[in-house]
Each structure stands twice: as structure tokens, then as C-alpha cells.
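As a plain string of letters, each chain reads:
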Amino acid sequence: MANPAPTTTVASLTRHDGWERFAADWSSDQRAFKTASWGKVMMWIFLLSDTFIFSCFLLSYMTVRMSTTVPWPNPSEVFALELGGKPVPLILIAIMTFILISSSGTMAMAVNYGYRRERRTTAALMLATAAFGASFVGMQAFEWTKLIREGVRPWGNPWGADQFGSSFFMITGFHGTHVTIGVIFLIIIARKVWRGDFDRERRGFFTSRKGRYENVEIMGLYWHFVDLVWVFIFALFYLW
Amino acid sequence: MAEVVADTVGSIGPAEVAEVELYHATSWLTKYVFCQDAKVIAIQYSVTAMAIGLVALVLSWLMRLQLAFPGTFSLIQSENYYQFITMHGMIMVIYLLTALFLGGFGNYLIPLMLGARDMAFPYVNMLSYWVYLLAVLVLVASFFAPGGPTGAGWTLYPPQAILSGTPGHEWGIILMLASLILFIIGFTMGGLNYVVTVLQCRTRGMTLMRMPLTVWGIFTATVMALLAFPALFVGCVMMLLDRLLGTSFFMPSIVQLGQQLSYSGGSPILFQHLFWFFGHPEVYIVALPAFGIVSDLISTHARKNIFGYRMMVWAIVGIGALSFVVWAHHMYISGMDPYFGFFFATTTLIIAVPTAIKVYNWVLTLWRGNIHLTVPMLFALGFIVTFVNGGLTGLFLGNVVVDVPLSATLFVVAHFHMVMGVAPIFVVFGGIYHWYPKVTGRMLDETLGKIHFWVTFLGAYAIFFPMHYLGLLGVPRRYYELGATAFIPPSAASLNVFITVAALIVGAAQLVFLFNLIWSLSKGRAPGGNPWGATTLEWQTPQTPPGHGNWGKELPVVYRWAYDYSVPGTERDFVPQNQPASAPTA
Ligand code: HEM
Ligand SMILES: [Cu+2]
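1. Digging into the pairing of strand β2 (residues 86–89) of chain A
Residue and element names in this part refer to chain A.
And then number 1: Sheet analysis places strand β1 (residues 80–83) next to β2, joined by four bridges and oriented antiparallel. Residue E82 lies in a different strand from β2, and its bridge partner there is P87.
And then number 2: Linking β1 to β2, which pair antiparallel, is a turn of two residues; within it G84 sits at a positive phi near 60°.

In C-alpha cells form, the structure reads like this:
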């Protein structure tokens, strides 16, 4: 069938107002989001779903923290580091947060250079992001080790409610897994950018689909989300 | 409300959407096994779901036999009864209905009905099926694990779910939780595909408001599932930690057989909230696709446009949204604050409004339609009747004061079987009879189909109608035998025998259906591409069954909504969606 000539459009364009216009825009021909690619839409929806997962984790943590009758360990003491003989509260976590936020910066720059098709800069910035992420996970491992040495276990700890250790390990562990997965994919995509796979639309090993620069941006969405979630975990776990 | 939905006037813009990058299978393995074609994935999903559903059916026979003839079967001890109940409930709700509606019908119909070549991400779609299969295998493995499958009830309430008093506490519960987590991961991969495909990959002219209601139902259900499964996921993870690592998320201090367990300070109610924040939307995850499909069945087989299309769409979306704020109506007897109960009772009853709108619209669609009593139509009518029936008892149970004495009786069992067991299953059957000719190129046998329908329909009533009465008598749910009780008359036992006989007959009718499915594959009549004279795009494919990539060289272009049946002045009593307005027949 050849392109049929468009029939009258004016009537259908001027019909709506207010909410109806909103609904009409959304439900318009062929696609709902006119500027977003499929991959981006998929990532956004996945992140929405993931938001619900993190929300459920955090709400459950808040519930057990409020309903337990035993006192909750004091975060500014538990998460303190001995520096020069003096305990400095929350110092490690401050550094970790700083690193993760910085990694969002390098990621945003990588996306930008990706748009300009500057292959090497993009790849380098993604690797920098991955390095930040890896050091975040490393510090988290350090913090876990420290707490475990001090006797914190998922089923109990020396200072108060059992649920402290359980929710701490569960939630930071789940977030740490997200960061680790992110680091792995950052490295994979950085390698593809570096090799010029996206310029040549080389097909993926598993998917046999053409590679696109857009993957850098989709990766960025995920990475910023993981950072954003961290801010909530930080606030609810370490500052409450 | 003056609505002009059946607009054949409207701009058909140029193609904005790139076509799906198809994977051209080269070997038998990539064509039929590790296949990326949504149509094949749909069949894989459906066959797996029906196979595991058969297990759940057999379990229901065993439970019914035990209830009718307590003490006769040495193989069915009380522990086994709990295991059967749990596996039956969980399989039916999740592994059969959810997988079949979304993975089966969704995969087959979304791309075809929208005029797309495939799902947006065929590779991820394929992974979705394999993870689902893994989830099913893990679930089945629990039957063979030491201690057997879990007997915690399909709601898996802690603390009992993981304590040693519950059968299957050794391996069963671990495998169940692991299987659910896998299911959710697999579903998410598929679900992202369905949502993106509906939002972004429609063919030219296919606005959202021209989509068949089937797609609307599946789409909304998928969005809900993506937002509801997270709560179950989190609940499963936390319970798994409680069971394996000895954390106390859901476990309070407990003394068991005189021994203080190591748990302390957790909140069992938290699990109930997480479970039902998933569990109630789950009811609609199963119901909304059924709503959508049944609308299309009724419209097609009554040769009449659907009544109030716009209302139908908004009712689907409204029900989907509302169902996230009613979950605690499953927890009236958990000792919650009465004001909470008041809030949740109100929201629950508000859902009745859009639901009633849908029922009225179905009935008004039938009103003075040219009703063909084909097998799909029979099942659609059966759906309306049972759904209304179950919905009415739902109104009882939604009110706190009525629910408190009825909850945990067979009244509840009767209610949910009517509304989310029998009713959606009818739509599954109706849908299979309707689309089988598209999937295989052959009709299912009509006579066998009618036998299947009548036995199943009357049988379902024979099974579940008396259960309401037993529930009102106070017969408790999840009891493996009644024993001698003062308040239950001996006649309840005879009624139980009657129900069991009916259940076995209904079960036998399903075997007729299975036979029909297999027999017709080679022996059925070959009716051509559009046997029902339907308007939607899947019936307009160049080949039947649709070939690789669904359409020929050109994608179809959509000029009208999906319900142009019996339009005055047209040659045939239906106008396909891809027929231009200017064509001579219009
Ligand atoms: C011929 C069809 C069926 C029969 C004879 C049947 C029978 C039963 C029986 C006897 C029970 C246990 C009642 C009790 O002792 O508490 C039960 C529970 C249940 N059934 Fe069915 N059932 C059938 C179909 C279905 C379907 C299609 C669904 C899908 C939604 C379903 C979902 C459930 C659920 C969720 C439970 C509750 C399990 C629990 O209490 O943990 N059943 N069924
Ligand atoms: Cu509910």
C-alpha cells in the first residue's frame, strides 16, 4: 500500500482542550513519547518498577525500625571511623556519597561526548565512572568488614535491635549489587565505544542486534538512578 | 456524553517508528526452541502454563476427594492437604493465569493487534520465557525435595510459613520463594516488552484510542504487574533471609514446643501488607486481560460495536489505579485499626463502580446484537454470569462487619473461585477457541467445544455455589476434615460429596478440551484467515498462521477503531481496521 494522502487533520487537531488534550497527546498515533527511543522508554519503565522495589525495601526497614521494642543502634557511633585517635562520625559514608555523586558527573559528560561521537573521550569517561563505582563498592566492602568484625550480623549485633544488621546488609547489599551490575555494563559498553562498535553498528554477540550510541545514554539513566537511590538510603539509614 | 470514537476521519501520518530488527532464524533450534518470535514465545508460554496448570487441577481433585471422603485415602494426610492447597492456589494464580494471560495472550496478540512485526525487544522477550520455565521447574522440584512442597497456604504468612510445624519447611518454602523471585525477574523482562511495544511500536493510524480492548486490558495489567510484583519480590527476599540467615524481619519472639526460638522483634503484619499490596492488584492482573478479551469476543460474536468504548478504556485504567489502594481489605481480621478498615472498605466499594460500568456495557453490547452462540461466545457469556456472581459476594466481603465472621470460611473460597478462578478461566477458554484458528490455521471442534462449555459451566456452579452455603454455615477454609462439630450439620458432609463428584466431572471435561486441542491440530477444519469476520488486525494478516515478521512487505495502516461491526450501508457486516474510509464499501 502506498502512502495514502493524509485526510483532514484540522478537525482532529483542534478538538481537544485541557485534560482531553493531554489524553489525546498521549494516545496519539504510533507512539506515546515522540522523542524517546524504545530503549530509553524501556529503561524508564524498568526504573519505575525498580523504584517500587527500593521503596518497599525502605518502607519495610522503616516499619521494622519503628515497631521493634529494642533501641536502635546510634548511627553516628556505629558508622564512625577512628581517625587520629578520635572517632569521626559518618566520615566514610560521606566520602562514599561524594564519590558516587561525582560518578554521576562523569557519566553525564560521557553521554554528552557520546552525542558528539567522540569515541575515546566517551569511553574514557565511562571507565572513570566505572572506577568511581568500583571504589564505592570497595569502600562498602570495607564498611561491611568493619561492622562484621565489630560483631554485627544479619541476625544480631552488640548494640540493640536485631533488625539493624538485617536491614543494613540487605538494603546496602541490594544497592551494592545494582552498582556492581552497573560497573560491569559500563565496562562492556565502554569497550564497545572504544572499539567503534557503535559507529559501525556492529551486531551484539548475544543479541545480534545493531549497537547504537544511544546505549551510552541508557546506561546513564541507570547510573543516575542508582545514585539517586543512594541518596535516600543515605538519608534514611545514616542520618535518621 | 456525545462521543465520536468511530472516527474514520483522522490524519494518517507518515511512519515515525522504525521497524523491529527481526532476527532471522537459521537453524531449527533458533526457530522453534530459542526463538525470538513473539508468536512462538507465546505458544511456549501457553503450553508451559497449561502443563503446570494441569498439576494444579489434579491437586484440586485430591483435595476434593479428601474433603468428600475423609479418612479413606491413606496417601492424603493433613500435611499433604496443606501442601496441595498451597501449590494449587499458587500455581493457579501465578504460574497459570498470570503467565497465560500476559506471556501467552500478550505475546501473541499485542504485536499482531497493533500491526507490529514483533515485540520491541525480541531477545529480552525470549529470555523472559526461559526464566519463567526455570521458575516453573524450581517449583516442580519442590514436589521431589525432602519434606515436599511448602504447606504454608498460598499467602505464605509468616511466622508459620518457615517454622518447623509447617510441612515443607525444610526445602519447600525455600524453593517456593526462589521460584517466585525467578518468576518476577522473568515477568519483568516480558512486561517491559509489552509496555514498550504498546506505547511506542504501533502501526500508522493506530492511536491508543483505536486499540482493541484486549490490548488495553493486557497493557494495563502489565503496568500494574510491574508495580505490584516489587512488593512480592521484597517480601520473598526478606522471608528467604529469615529462613536462611535467621534474620527477624517478619518473626516476632516465639516459643515453640517450650523452646524460645532465636527470632525476636519482627513484624508478621509487615509481610501481610507487602503480600497484599501485590496480592490485590494480582487479582486484577488476571481480571483486566479477561475484561479486555471478553469485550472483543462479545463484540465480534454479537456482530455489534462495543458499547461505550471510551468508558471501557477509562474503566480499565481506573480499576487498575484504584486496585492499588484497597489491599488491606484482605486483612480485616489482622487486628488493624478500625479507621483503616473504614478507609479500605470505602475504596473497595468504589471499585465496584467502574466494574459495574463494564458489566453494563457488555450487556448493552449484547442488547439487540446479532448473537452467534459460538463456543467463544458461550464462554464469554459464562464469564459475565460468573463474574457478576463473584462480584456480588465481593460486595459482602468488602464490608468489615460482614467480612469478619465470613473470612476464613468456605464463603471466601467460593467468592474468589467465582471471581478470579472460574471467570478468567472461562475467558482463557473462550480466547483459545477464538484465536486457535489464527494460531494453527484450524478450527477447534465445535461439538466437543460445546460439551466442554456446558459441562464446565454447569459443573463450576455445582462446585462453587454450594460452597457459599457451607461458608455461611461456618465451615472453615483450609480444613482437611470437619470432624464432629456442633455447629455444622451432618448434611454438610453429603454436600461435600456432591461437590467432589461435580469437581471430578468438570476435571474430565478439561481432558476433552485437551484432546480437542491436540486432535484439531491436524484434523480440524481449515477455515481461512478470518473465520469469525473480525475487524482487528490479527485477522488481516497475509498468511495464516502469520509468518515471520507478521506482515508482508508493508505494515498495515489503520483507518478506524476496532469495532466497525454491522455498519449500515456496508457490504459485509464488518469493516476491518485497515480498510480505508474512501473504499467503495464504506
Ligand atoms: C475445577 C476447578 C477447581 C477446584 C475443584 C478447586 C478446588 C479448590 C479447593 C478444594 C480449595 C481448598 C479449599 C479449602 O480447603 O480451603 C481451593 C483453594 C484455592 N484455589 Fe481452587 N479450585 C479450582 C480452580 C481454581 C482456579 C482456576 C484458581 C485460580 C485463581 C484457584 C485458586 C485457588 C486459591 C488461590 C485457593 C486458596 C489456597 C489457599 O487457601 O492457600 N482454584 N481450590
Ligand atoms: Cu483484594
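2. Comments concerning the coordination of the iron atom of ligand 1
Perfect tetrahedral coordination of a metal by four donors corresponds to 109.5 degrees between them, and perfect octahedral coordination by six donors corresponds to 90 or 180 degrees.
Residue and element names in this part refer to chain B.
And then number 1: Bound to the iron atom of ligand 1 on the protein side are H88 (NE2) and H417 (NE2), at distances that span 1.9 to 2.0 Å.
And then number 2: Geometry at the iron atom of ligand 1 is octahedral, judged from its six donor atoms and the angles of 86 to 179° they form at the metal. Here H417 lies in helix α12 (residues 410–440) and H88 lies in helix α3 (residues 78–114), a separation of 329 residues in the sequence. No difference in accessibility class separates H88 from H417, as the two residues are buried.

3. What to know about the packing of aromatic side chains
All names here are of chain A.
And then number 1: Summed over the entire model, instances satisfying the criterion amount to 71 aromatic pairs over all chains.
And then number 2: With a centroid separation of 6.3 Å and 55° between ring planes, the pair formed by F237 and Y238 is classed as tilted.
And then number 3: Using a relative accessible area of 1% as the deciding quantity, one classes F237 as buried.
And then number 4: Note on Y238: relative accessible area 2%, which makes it buried.
And then number 5: Taking NZ or CZ as reference, R65 lies 4.1 Å from the ring centre of W240, over its face.
And then number 6: Sitting over the ring of W194, R120 keeps its end group 4.8 Å from the ring centre.

4. Examining the environment of M311 of chain B
Residues and elements named next belong to chain B.
And then number 1: Take M311: it is sitting in helix α8 (residues 309–322).
And then number 2: Classification of M311 as partly exposed rests on a relative accessible area of 37%.
And then number 3: As for M311 and K358, which are separated by 47 residues in sequence, their C-alpha atoms are 8.0 Å apart.
And then number 4: Excluding anything up to four places from it in sequence, M311 contacts I357 and N361.

5. Looking at the confidence of the model for chain B
Residue and element names in this part refer to chain B.
And then number 1: Of all residues in chain B, 97% have pLDDT values of 70 or greater, and the mean over the chain is 92.
And then number 2: Between residues 1–9, whose pLDDT stays under 50, and residues either more than four places distant or in other chains, the model counts 19 contacts.
And then number 3: Quick note on the complex model: pTM equals 0.94, ipTM equals 0.93.

6. Some words on the site of ligand 1
Residue and element names in this part refer to chain B.
And then number 1: Around ligand 1 lies a shell of 22 residues, among which Y81, H88, W154, H417 and R478 are the nearest.
And then number 2: Y81 is positioned with one of its side-chain polar atoms (N or O) 2.7 Å from an oxygen atom of ligand 1.
And then number 3: Within the contact set of ligand 1, an oxygen atom lies 2.6 Å away from a backbone nitrogen or oxygen of R478.
And then number 4: Breaking the shell around ligand 1 down by element, the ones donating at least two residues are α2 (38–68), α3 and α12.
And then number 5: Considering each element in turn, the shell around ligand 1 owes the most residues, seven residues, to α3.
And then number 6: Of the residues belonging to the shell around ligand 1, the class tally is 13 nonpolar, six polar and three charged.

Definitions and limits used
Residues numbered from 1 in each chain as written. Chains lettered and ligands numbered in written order. Predicted model: local features only at pLDDT ≥ 70, side-chain atom pairs only at ≥ 80, totals over all residues. Heavy atoms only, no water. Pairing = 2+ DSSP bridges. Helix = DSSP H or I, 4+ residues; strand = E, 2+ residues; numbered from the N terminus. Donors = N, O, S within 2.8 Å, 3.2 Å for Na, K, Ca; no water. Tetrahedral: all angles 85-135°; square planar, octahedral: opposite > 155°, others 65-115°. Buried < 20%, exposed > 50% of the residue type's maximum accessible area, 1.4 Å probe, protein only. Phe/Tyr/Trp six-rings, centres within 6.5 Å; stacked < 30°, edge-to-face > 60°. Lys NZ or Arg CZ within 6 Å of the ring centre and 35° of its normal. Contact = heavy atoms within 4.5 Å. pLDDT = per-residue confidence, 0-100. Near = heavy atom within 4 Å. Polar contact = N/O pair within 3.5 Å; in protein donor to acceptor, adjacent residues only side chain to side chain. Nonpolar A, V, L, I, M, F, W, Y, C, P; charged D, E, K, R; others polar.

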